[in-house]
Amino acid sequence: VTITTRLLVSHLSGIRHYEKDITKVKEEKEKANRSFKLTKPCQDKEQKEKECKGTEKTNWVTPRKEHEGEVKSQNSKPGRRDKEFEQEEYYLKEKFESVIESLKIFKNDPLFFKPGDQFLYSTYGFTLLSAVVERVSGQKFTDYMLKMFRDLDMLSTVLDDNEAMIYNRARCYVYNKKGRLVNAPYVDNSYKWAGGGFLSSVGDLLKFGNALLYSYQAGQIKNTNGKLLPGYLKPDTVAMMWTPVPKTEVSWDRDGKYAMAWAVVEKKQQCGCCRQQRHYASHTGGAVGASSVLLILPEELDSETIDTGLVAPPRGVIVSIICNMQSVSLNSTALKIAREFDKEKWAQ
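Residues numbered from 1 in each chain as written. Predicted model: local features only at pLDDT ≥ 70, side-chain atom pairs only at ≥ 80, totals over all residues. Heavy atoms only, no water.

Here's the deal with the sheet that holds strand β8 (residues 290-298)
No. 1: Strand order across the open sheet formed by five strands is β5-β6-β7-β8-β9, with antiparallel pairing between neighbours. Each having just a single partner strand, β5 (257-258) and β9 (316-323) make up the two edges of the open sheet.
No. 2: Two strands pair when backbone bridges link them, and β5 and strand β6 (residues 263-265) are joined in this way by two bridges, in the antiparallel orientation. Following the sheet pairing, lysine 257 is matched in β6 by valine 264.
No. 3: Across the face of the sheet, helix α7 (residues 202-218) comes into contact with β8 and β9 while running at roughly 150° to β9. (Pairing = 2+ DSSP bridges. Helix = DSSP H or I, 4+ residues; strand = E, 2+ residues; numbered from the N terminus. Contact = heavy atoms within 4.5 Å. Axes fitted to C-alpha atoms, helices over the stretch in contact; angles between N-to-C directions.)

Written out as structure tokens, the structure reads:
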């Protein structure tokens, strides 16, 4: 078989996640599909009632559940452990000296399916992707990423290194089986730098989101007379990253699709007076003792703005939430916050 970087970045490679038993993975997928089919009629009925009442000019989709990046978080009630966090590999304490070395965890395991045939979220797929970056760039993956963070002025974003003294590092918490809040267990994330090995701040993630949004919109605005600096990435690159990929899925939003390292909801309205979908990109993150989300809602630029260059990018809403507790669902909260800021803007 052939595994490309595009397949890796869209989780279509067939490389396993933390669960090694493909039978269990298939069972979980079937349960999720059955649950979705049962809840969909109720959600559709609820949505129609809202539209009839005219409560909002633009109703966004209500997410059915969170994915939390590496975690399919079913709930966040005390004492209830997500099955995902029962996997032993979440709690590895071994320190890996290089990305290449960490490949030994999964490199001899069989693929779950032929690359390109199915979607399976895989942290290890991103570990392999980081090894590709390391080989192509000719430098350690961690050095490559830290330089990028410095370029973007993300000075609080660092490796989650247990030995390093990191100013203002937060403690992480989990609920134990008795429903009591306790300190998260010790883990070493050196085996998955790309999939969950960095510490950051809300401010830094906002800078990251704005850099992407700027790059995305910079190519749309004309007549800037050379006053507009180029984006960190090419506009076409971000557009490609935010274009849904066939055969993918997003567990936290039935209207969303996975793109390239981002979940994307496309602009859509089937009929007049029907619910409008706004275009936005988001991703959640979950680790032992922590949860997070970054959501980017681009402003829809009108033709006057594009042609005259009256405003400069980025234009839109960026929402970042970081919580130092495990299995907290944050995507729907981020979506509500973005919607409120967007409504406020149009009300002015």
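Details of the packing of aromatic side chains
No. 1: Within this structure, the stated rule accounts for 10 aromatic pairs.
No. 2: Summarising the aromatic geometry, the rings of tryptophan 242 and tryptophan 262 are spaced 6.1 Å apart at their centres and angled 80° between planes, so their arrangement reads as edge-to-face. Of this pair, tryptophan 242 sits in the loop between α8 (235-241) and β5 while tryptophan 262 sits in the loop between β5 and β6, and the two are 20 residues apart along the sequence.
No. 3: Looking at tryptophan 242, the relative accessible area reads 4%, which means it is buried.
No. 4: On the accessibility criterion, tryptophan 262 (6% relative accessible area) is buried.
No. 5: The rings of Tyr18, Tyr90, Tyr91, Phe106, Tyr124 and Tyr191 are connected pair by pair, giving a single aromatic cluster. (Phe/Tyr/Trp six-rings, centres within 6.5 Å; stacked < 30°, edge-to-face > 60°. Buried < 20%, exposed > 50% of the residue type's maximum accessible area, 1.4 Å probe, protein only.)

What about unusual backbone geometry?
Excluding glycine, residues mostly have negative phi values, and the peptide bonds linking residues are mostly trans.
No. 1: In this chain, proline 313 is followed by proline 314 through a cis amide linkage whose omega measures 5°.
No. 2: Inspection of the secondary structure assignment puts proline 314 in the loop between α9 (303-308) and β9.
No. 3: Of note, the phi angle at histidine 11 is positive, near 60°, even though the residue is not glycine.
No. 4: Examined against the element boundaries, histidine 11 turns out to sit in the loop between α1 (5-9) and α2 (22-53).
No. 5: Although it is not a glycine, lysine 247 adopts a positive phi angle of roughly 75°.

Focus: the nonpolar core
No. 1: Counting residues in each nonpolar core, the largest one holds 42 residues, and the members touching the most others are Tyr124, Leu212, Trp242, Trp262 and Ile296.
No. 2: Considering every element that reaches this core, the biggest residue donor is α7, with five residues.
No. 3: Ignoring any residue separated from it by four or fewer positions in sequence, one finds isoleucine 296 in contact with Gly209, Leu212, Leu213, Trp242, Trp262, Tyr280, Ala281, Val317 and Ile318.
No. 4: Judged by nonpolar contacts, the second largest core, of 15 residues, contains Val265, Leu295, Met325 and Ala334. (Core = buried A, V, L, I, M, F, W, Y, C linked by side-chain atoms within 4.5 Å.)

Examining the side chain of serine 102
No. 1: Turning to its location among the elements, serine 102 is positioned in helix α3 (residues 99-102).
No. 2: Among the polar contacts made by the side chain of serine 102, one reaches the main-chain carbonyl oxygen of valine 99 at a distance of 2.7 Å. (Polar contact = N/O pair within 3.5 Å; in protein donor to acceptor, adjacent residues only side chain to side chain.)

Some words on the pairing of β9
No. 1: Taken across its eight residues, β9 has six buried, putting it largely inside the fold.
No. 2: In this sheet, β9 lies alongside β8 in antiparallel orientation, the contact comprising eight bridges. By the bridge assignment for β9, leucine 294 is matched with serine 320.

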